[in-house]
Amino acid sequence: MTDPRRRIPRTDDVLAELADLIDLAGRPVVKRAVAQAQDRARSGEIEPESVATSARAALADRRPTSLTSLINATGVVLHTNIGRASLSDDARSALLAASGHVDVEFDTATGARARRGRATLAALTAAVPAAEDALVVNNGAAALVLATTALGVAAGRPEIIMSRGEIVEIGDSFRLHELVRSAGATIVEVGTTNRTWPQDYSEAITDRTGLVLKIHPSNFVVTGFTHGVDVAELRTLLNTVGEERGLDVPLLADIGSGLLRPEPLLPDEPDAATALAQGADLVTASGDKLLGGPQAGLVLGRRDLVERMRRSPLARAVRVDKLTLAALEATLTGAPTPTHTALHADVAELRRRSQVLADSLTDKGLGATVVDHDAAVGGGGAPGTRLPSAAIAIRAEFAEPLRHAGVITRVHDGRCLLDLRGVPVADDQDVLDRILTVAATTSDSASGAASQSAQGADA
Ligand SMILES: *Cc1c(COP(=O)(O)O)cnc(C)c1O
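Each chain carries its own residue numbering, running from 1 in the direction its sequence is written. Residue-level local features of this predicted model are given only where pLDDT is at least 70; pairs of side-chain atoms are given and counted only at 80 or more, and the full residue set underlies all totals for whole chains, interfaces and linings. To obtain the side-chain values, all non-hydrogen atoms of the structure were included, while hydrogens and water were left out.

### What about the nonpolar core?
Next up, step 1: Nonpolar cores were defined as sets of buried Ala, Val, Leu, Ile, Met, Phe, Trp, Tyr and Cys residues, with membership established by side-chain atoms within 4.5 Å. With a 1.4 Å probe rolled over the protein chains alone, any residue whose accessible area is under 20% of its type maximum counts as buried; one over 50% counts as exposed, and the rest are partly exposed. Membership of the largest hydrophobic core comes to 42 residues, with the highest contact counts inside it found for Val 136, Ile 205, Val 212, Leu 260 and Leu 300.
Next up, step 2: Each helix is a run of H or I in the DSSP string that is no shorter than four residues. Each strand is a run of E no shorter than two, and both are numbered from the N terminus. Take this core: its biggest share by element is five residues, from helix α10 (residues 231-245).
Next up, step 3: Note on contacts: a residue pair is in contact if any heavy atoms of the two residues lie within 4.5 Å. With residues near it in sequence (within four places) discarded, Leu 260 still touches Ala 127, Val 128, Asp 271, Ala 272, Ala 273, Leu 291, Leu 298, Leu 300 and Leu 332.
Next up, step 4: Formed by 32 residues, the second largest nonpolar core is a distinct cluster that contains Val 180, Ile 215, Ala 315 and Val 318.

### A few points about the sheet that holds strand β3 (residues 133-137)
Next up, step 1: Taken in spatial order, the seven strands make up an open sheet running β3-β11-β10-β9-β8-β4-β7, and their pairing is mixed. In this open sheet, the two edge strands, each paired with only one partner strand, are β3 and β7 (186-190). Strand-to-strand twist in this sheet, taken as the mean axis angle between neighbours without regard to direction, amounts to 25°.
Next up, step 2: Strands are labelled as partners when DSSP assigns at least two bridges between them. Pairing of strand β10 (residues 282-286) with strand β11 (residues 297-301), which is carried by five bridges, proceeds in the antiparallel orientation. Here the axes come from fitting lines to C-alpha atoms, over the contacting stretch only for helices, and the angles between their N-to-C directions go from 0 to 180 degrees.

### Observations concerning the packing of helix α6 (residues 118-127) against helix α14 (residues 322-333)
Next up, step 1: Interhelical geometry of α6 versus α14 gives an angle of 30° and a closest axis separation of 9 Å. Between α6 and α14, the crossing angle belongs to the class labelled roughly parallel. Handedness of the α6/α14 crossing: left-handed. Residues Ala 119, Thr 120, Ala 123 and Leu 124 of α6 pack against Leu 325, Leu 328, Glu 329, Leu 332 and Thr 333 of α14.
Next up, step 2: Broken down by class, the residue content of the contact of α6 with α14 amounts to six nonpolar, two polar and one charged. Throughout this description, any angle smaller than 35 degrees is read as roughly parallel, any larger than 145 degrees as roughly antiparallel, any in the 65 to 115 degree range as roughly perpendicular, and the remainder as oblique. A clockwise turn of the near helix away from the far one marks a right-handed crossing, whereas an anticlockwise turn of less than a right angle marks a left-handed crossing. Each residue is assigned to one class: nonpolar for Ala, Val, Leu, Ile, Met, Phe, Trp, Tyr, Cys and Pro, charged for Asp, Glu, Lys and Arg, and polar for all the others, Gly among them.

### A look at the side chain of Thr 331
Next up, step 1: Relative to the helices and strands, Thr 331 resides in helix α14.
Next up, step 2: Side-chain atoms alone can form a polar contact between residues adjacent in sequence; in general such a contact is a pair of N or O atoms within 3.5 Å, and within protein one must be able to donate a hydrogen while the other accepts it. For Thr 331, the side chain forms a polar contact with the main-chain oxygen of Ala 327, separated by 2.7 Å.

### Section: helix α4 (residues 51-60)
Next up, step 1: When α4 is considered as a whole, its buried residues turn out to be Val 51, Ala 52, Ser 54, Ala 55 and Leu 59. The arc that holds every buried residue of α4, seen down its axis, measures 165°, which confines them to one face. In α4, the exposed positions that point more than 90 degrees away from the buried face belong to Thr 53 and Ala 60.
Next up, step 2: Where the residues of α4 are buried, they touch α1 (11-17), α2 (19-25) and α3 (27-42). Here the arc refers to the directions that run from the helix axis out to each C-beta atom.

### Side note on the environment of Arg 311
Next up, step 1: Its location among the elements puts Arg 311 in helix α12 (residues 303-311).
Next up, step 2: Relative accessible area serves as the criterion here: at 64%, Arg 311 is assigned to the exposed category.
Next up, step 3: Taking the C-alpha atoms as reference, Arg 311 lies 57 Å from Arg 395; in sequence the two are 84 residues apart.

This is the structure we're talking about:
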């Protein structure tokens, strides 16, 4: 008997058979698929005669990225671990439109270089008229580092004043003051964890002060015996310092969430327009939190300060690409984002959609009920805000196979909960189909161990 491994076709022969695919996908890709098919034949997984067919099938299933699209049924609108904001259709189209050669930094009328991302910056200042100028960088953290560097350290004023009550960890071991320090600045802490007063700031300001940094502690609330100094009070104080001591110390409000205007649903969440109106010189925020856009760091405010940041050598290292600029412009000028839609979803309508799904599941003999649920903003926003919502409750054992099927749920109190707040209406049928598929392949004797489901809502 001949060893079947000796029947494995030679690479060149298979490649010749797959010549049409080489034209489409390129030789290295096809060669890799052939090698994998040969390995499978060697291990006895497939017949040696199937190598070409197997490689062809693998190439047909090939995806351009290993990133897998997920349905967010967690009830956490901005879930950091699954990519924060889901982009609007406009933003997705913009990404495609910008993916080739584009006039990101070029004036087609004159053939000369033009201001990079000018339409996006114009959209930002149009959305926040109180901002004289705007800058877009890689993310909120980059905006802070750039401000610290350009306005503080590089200007010979390396001391950054922060309230102890705002020295916080906002995400997975991410501490803003350590970030600021990493830029070579010294943090001057004022006040105490629970109370900070205007004179704490006044006493700390010197001619070495680069910035007064007001951080919105976006993932927790302090209650009880507390006092903070708000942006308006800091403005008054800094004006006095300016008059009495001739120091122009910029006030930077890091609002995090990216709300450009007040959002009535989230009354405690700061917004750029209000912070600037109250006297912040600069506001920094993220693009992919409540704004609902791509990952980006927004800087809005006084023209001279934005210009100093723009001119910093570091600006080049944190600048955004044409894709981000395009998606951000579309987010600012286009239809409401999925984040906005999720935030504003009516609870009665969510309950109705949940009931339709639960009824269909019950019709198929699966136990499903609709329960009240608290959704959350997530992404380090609106920590105290519960968004009343509804969830479809099914057996906890479904959570893990559903996760494998691309539906991220919440396991709570021994049940698997699906909250449709973050699910576009158009995806309801898809969610139902995936549950049914999972149910058909999950045995009734499945272990009762509640599987882990993504629930983190950190920043
Ligand atoms: C989220 C957040 C940041 C960091 O922004 P990224 O865009 O994630 O880099 C900074 N400050 C505050 C207050 C935040 O909430």
